[in-house]
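# Observations on chain architecture
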Amino acid sequence: MPQELHIIALGAFLLLVHIFVAGRFKTKQYGITWNTGARDEALPPLNPVAGRLVRAQENFQETLPVAIVALIGVVLAGRTSEMTALGGWLWLGARLVYLPLYGLGVPKVRTMVFLVSIVGLLMVLWPLLWG
């Protein structure tokens, strides 16, 4: 199996981690009744940590579709290479590090890690666009 497909599977698992981590902190703030209820009531704003974790999840959900298209695209086009695998691993590794950095509120470094993930995506997209 191409590494690129393995990276997608791990990316899907990382999405689940994002969902459950953000959900855990939201439940901690709003309570188990909120979590298991219809969630129709108006709620106060999230505390800073829970808010950052929700935003980290949203940010991941914005880049995951690009990663899926790029990684599956190179597999389907027969354009996998050491560069596309490295790019995929860079994206995934950076996204893995991004979650705790965002949750802890670490500025600047978090942005640099995000940029590394974008470079990884560009490494995968390159052969599809100009290969």
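Our subject is the structure that appears above.
Quick caveat, the model's predicted, so the values are computed rather than measured.

Reading the values: the criteria
- The residue numbering used here restarts from 1 in each chain and proceeds along that chain's sequence as written.
- Given that the model is predicted, a residue must reach a pLDDT of at least 70 before its local features are reported, and side-chain atom pairs must reach 80 or more before they are shown or counted; all residues, however, enter totals for whole chains, interfaces and linings.
- No hydrogens and no water enter the side-chain calculation; it runs on all heavy atoms of the structure.
- Helix and strand assignments come from DSSP, with helices taken as H or I runs of at least 4 residues and strands as E runs of at least 2, each series counted from the N terminus.
- When a residue's accessible area, from a 1.4 Å probe over protein chains only, is under 20% of the maximum for its type it is buried; when over 50% it is exposed; and in between it is partly exposed.
- Note on definitions: a residue-residue contact is assigned when non-hydrogen atoms from the two residues lie within 4.5 Å.
- The accessible surface values rely on the Shrake-Rupley method and a 1.4 Å probe; as for residues, cover is taken only from the protein chains in view.
- Positive: Lys, Arg. Negative: Asp, Glu. His and the chain ends are not part of the count.
- Note on charges: their place is set at NZ of Lys, CZ of Arg, CG of Asp or CD of Glu.
- Pairing of aromatic side chains here covers Phe, Tyr and the six-membered ring of Trp, requires ring centres within 6.5 Å, and sorts the geometry by plane angle: under 30 degrees stacked, over 60 edge-to-face, intermediate tilted.
- Patches here: salt-bridge-free residues with over 30% relative accessible area, like charges joined within 9 Å, nonpolar side chains (Val, Leu, Ile, Met, Phe, Trp, Tyr) joined within 5 Å.
- The rule for a salt bridge is simple: a side-chain nitrogen of Lys or Arg has to be within 4 Å of a carboxyl oxygen of Asp or Glu.

### Topic: the overall build of the chain
Check the secondary structure of the chain and you find five helices and zero strands. Ordering the α and β elements of the chain from the N terminus gives α-α-α-α-α. Its C-alpha atoms put the chain at 50 × 30 × 20 Å along the principal axes. A burial count over the chain gives 37% of its 131 residues as buried. For the chain, the proportion of contacts with a sequence separation of at least 24, taken over those separated by at least 6, is 77%. Carbon and sulfur atoms form 70% of the exposed surface of the chain, whose accessible area is close to 7600 Å². When the 10 basic and 6 acidic side-chain charges of the chain are each reduced to a single mean position, those positions are 10 Å apart.

### Side note on the packing of aromatic side chains
Evaluation of the coordinates by the stated rule reveals five aromatic pairs. Between Y98 and Y102 the ring centres are 5.5 Å apart and the planes differ by 85 degrees, which places this aromatic pair in the edge-to-face class. Of this pair, Y98 and Y102 both sit in helix α4 (residues 82–104), four residues apart, which is roughly one turn of that helix. Where W126 meets W130, the ring centres are 4.8 Å apart and the plane angle is 40 degrees; that geometry is what we call tilted. Taken together, the positions of W126 and W130, both in helix α5 (residues 109–130) and four residues apart, correspond to about one turn of that helix. Chaining the aromatic ring pairs together yields one cluster made of Y98, Y102 and F114.

### Here we look at a nonpolar patch on the surface
Nonpolar side chains collect at one region of the surface, where M1, L5, I68, I72 and L76 lie side by side and expose about 500 Å² of accessible area between them. In terms of residue count, the dominant contributor to the nonpolar patch is helix α3 (residues 48–76) (three residues). On the secondary structure map, I72 appears in helix α3.

Function cannot be read off these values alone, since they describe shape.
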